[in-house]
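Structure assessment
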Amino acid sequence: MTTALITGASAGLGEGFARALAAAGNDLILTARRVDRLEALAVEVRAQHGVAVHVFAADLADPAAPAALMTDIAAAGLTVDTLINNAGYGLRGAVAELNADAQAGIVDVNCRALVALACAVLPGMIARRSGGILNIASTAAFQPGPWMAVYYASKAFVLSFSEALHEEAKPHGVRVAALCPGPTNTEFAGRAGMTDMALFTRLASGPEAVVRDGLAALRANQAVKVSGAVNAVMAESIRFTPRSVARRIAGSLQKARTA
């Protein structure tokens, strides 16, 4: 029996990871801002799978939140064996036109909090010579994204950080993987203002497949997993595409949605 900490667990992929890990017999630590949703999920998962589920409210946009969360987890006598760094969000629009604080918040949640939590749990995992960290990146990590610049850049950071951490942790028996989903049918698209994008209306996958791919990659200690065959081909093709072309293509898709 192991315990998994899942951030952004109140909906979407976070909820999917919670259900999948509980079905496999893992106890859960769930965190997000919306405690009512977390509590409802906890009640359901406990009844279905007989696992322990602990709920902690946290707004990871607050720089103090990761440390406070880990203090609460330790005070409850809990050990994190698996970390699913799932919390994140994005906004579409021109950098000069979007709210500056909201854009900085993307970096706070997608990058700073992710690193803080990884740093908090990793020493214990190394000492036990076991454990796993799954960081949710995106296919956006493989190219710049004009008109969604901060989100794309944040996911490039997550991908690079995860690959480096994978190499550092591997000799200590700790698994680290970056999951790179493409368009996925979750609340993320609505919050980011992306539901009118053709990729979402035609090619979005269900969260269940993404969750399966992510957990399989973590079990296999696969450093990078692009979820979905079409997404994998597109991500690989970026390697052979000039950066100037890649950013114009991505920018044209984003800008068309802002018109």
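Our subject in this report is the structure included herewith. (Residues numbered from 1 in each chain as written. Predicted model: local features only at pLDDT ≥ 70, side-chain atom pairs only at ≥ 80, totals over all residues. Heavy atoms only, no water.)

Our next topic: the overall build of the chain. A tally of regular secondary structure across the chain gives ten helices and seven strands. Expressed as a percentage of the 259 residues in the chain, the buried residues total 47%. If you take every contact in the chain between residues at least 6 apart in sequence, the share linking residues at least 24 apart comes to 71%. Carbon and sulfur atoms provide 57% of the accessible area of the chain, an area that totals close to 11600 Å². (Helix = DSSP H or I, 4+ residues; strand = E, 2+ residues; numbered from the N terminus. Buried < 20%, exposed > 50% of the residue type's maximum accessible area, 1.4 Å probe, protein only. Contact = heavy atoms within 4.5 Å. Areas by Shrake-Rupley, 256 points an atom, 1.4 Å probe, with all protein chains shown as cover.)

Glancing now at the pairing of strand S5 (residues 132–136). Taking burial as the measure, the five residues of S5 include five buried ones, the bulk of the element. In S5, alternate side chains face the same way, and those of Gly132, Leu134 and Ile136 on one face and Ile133 and Asn135 on the other are all buried. Pairing of strand S4 (residues 82–85) with S5, which is carried by four bridges, proceeds in the parallel orientation. Bridge pairing in S5 places Ile84 opposite Leu134. Traced from S4 through helix H4 (residues 100–128) to S5, the parallel crossover comes out right-handed. (Pairing = 2+ DSSP bridges. Right-handed = clockwise from strand over helix to strand, strands pointing away.)

Let us look at helix H8 (residues 207–219). The end-to-end C-alpha distance of H8, which contains 13 residues, comes to 18 Å, matching closely the 18 Å that a straight helix rising 1.5 Å per residue would cover. Turning to H8, its buried residues are Pro207, Val210, Val211, Gly214, Leu215, Ala217 and Leu218. Projected down its long axis, H8 carries its buried residues within an arc of 160 degrees, all on one side. The exposed set on the far side of H8, more than 90 degrees from its buried face, consists of Glu208, Arg212 and Arg219. (Expected span 1.5 Å × (residues − 1). Arc of directions from axis to C-beta.)

What follows is about the pattern of salt bridges. One pass over the structure, following the stated rule, counts five salt bridges. Through salt bridges that share partners, Glu15, Arg19 and Glu44 make up one connected network. (Salt bridge = Lys/Arg side-chain N within 4 Å of Asp/Glu carboxyl O.)

A word on the side chain of Asn26. With respect to the element layout, Asn26 can be found in the loop between helix H1 (12–23) and strand S2 (27–32). Within the structure, Asn26 has its side chain in polar contact with the side chain of Thr2 (distance 2.4 Å). Engagement of the side chain of Asn26 in a polar contact is seen with the backbone oxygen of Leu21, the distance being 2.9 Å. (Polar contact = N/O pair within 3.5 Å; in protein donor to acceptor, adjacent residues only side chain to side chain.)

As a further point, take the nonpolar core. In summary, soluble globular proteins display a tendency toward joint burial of nonpolar side chains. Counting residues in each nonpolar core, the largest one holds 40 residues, and the members touching the most others are Ile73, Val80 and Ile133. Of all elements in the fold, only helix H3 (65–75), H4, helix H5 (149–169) and strand S6 (175–180) reach the threshold of two or more residues within this core. The element that contributes the greatest number of residues to this core is H4, accounting for nine residues. If near-sequence neighbours (up to four positions away) are discounted, Ile133 is found in contact with Leu83, Asn85, Ala118, Val121, Leu122, Met125, Leu165, Arg175, Val176, Ala177 and Leu218. Judged by nonpolar contacts, the second largest core, of 28 residues, contains Ala4, Leu30, Leu41 and Val55. (Core = buried A, V, L, I, M, F, W, Y, C linked by side-chain atoms within 4.5 Å.)

Looking at the element boundaries, Phe157 is found in helix H5. A residue is classified by how much of its surface remains accessible, and Phe157, at 37% relative accessible area, is partly exposed. Expressed as a C-alpha distance, the spacing of Phe157 and Val107, which sit 50 residues apart in the sequence, is 9.6 Å. Apart from residues lying up to four places away in sequence, Phe157 is in contact with Cys111 and Val115.

In space, the seven strands of this open sheet follow the order S3-S2-S1-S4-S5-S6-S7, with parallel pairing throughout. Both edges of this open sheet fall to strand S3 (53–57) and strand S7 (224–226), since each of them pairs with a single strand only. Here the average twist between neighbouring strands, direction ignored, is 15 degrees. As paired strands, strand S1 (residues 3–7) and S4 are joined by three bridges and run parallel to one another. Bridged to Ile6 within S4 is Ile84. The strands touched by H4 are S1, S4 and S5; relative to S4, the strand with the most contacts, the crossing angle is about 170 degrees. (Axes fitted to C-alpha atoms, helices over the stretch in contact; angles between N-to-C directions.)

Here the focus is the packing of aromatic side chains. Ring pairs (aromatic) are described by centroid distance and by the angle formed between their planes. Overall, the coordinates contain two aromatic pairs when judged by the stated rule. With 6.3 Å between their ring centres and 80 degrees between their planes, Tyr151 and Tyr152 make a pair best called edge-to-face. Summarising the burial analysis for this pair, Tyr151 and Tyr152 share the class buried. Both rings, one in Phe157 and one in Phe161, keep their centres 6.1 Å apart while their planes meet at 5 degrees; by these two values the pair is stacked. Residue Phe157 and its partner Phe161 are both found in helix H5; the two are separated by four residues, about one turn of the helix. (Phe/Tyr/Trp six-rings, centres within 6.5 Å; stacked < 30°, edge-to-face > 60°.)

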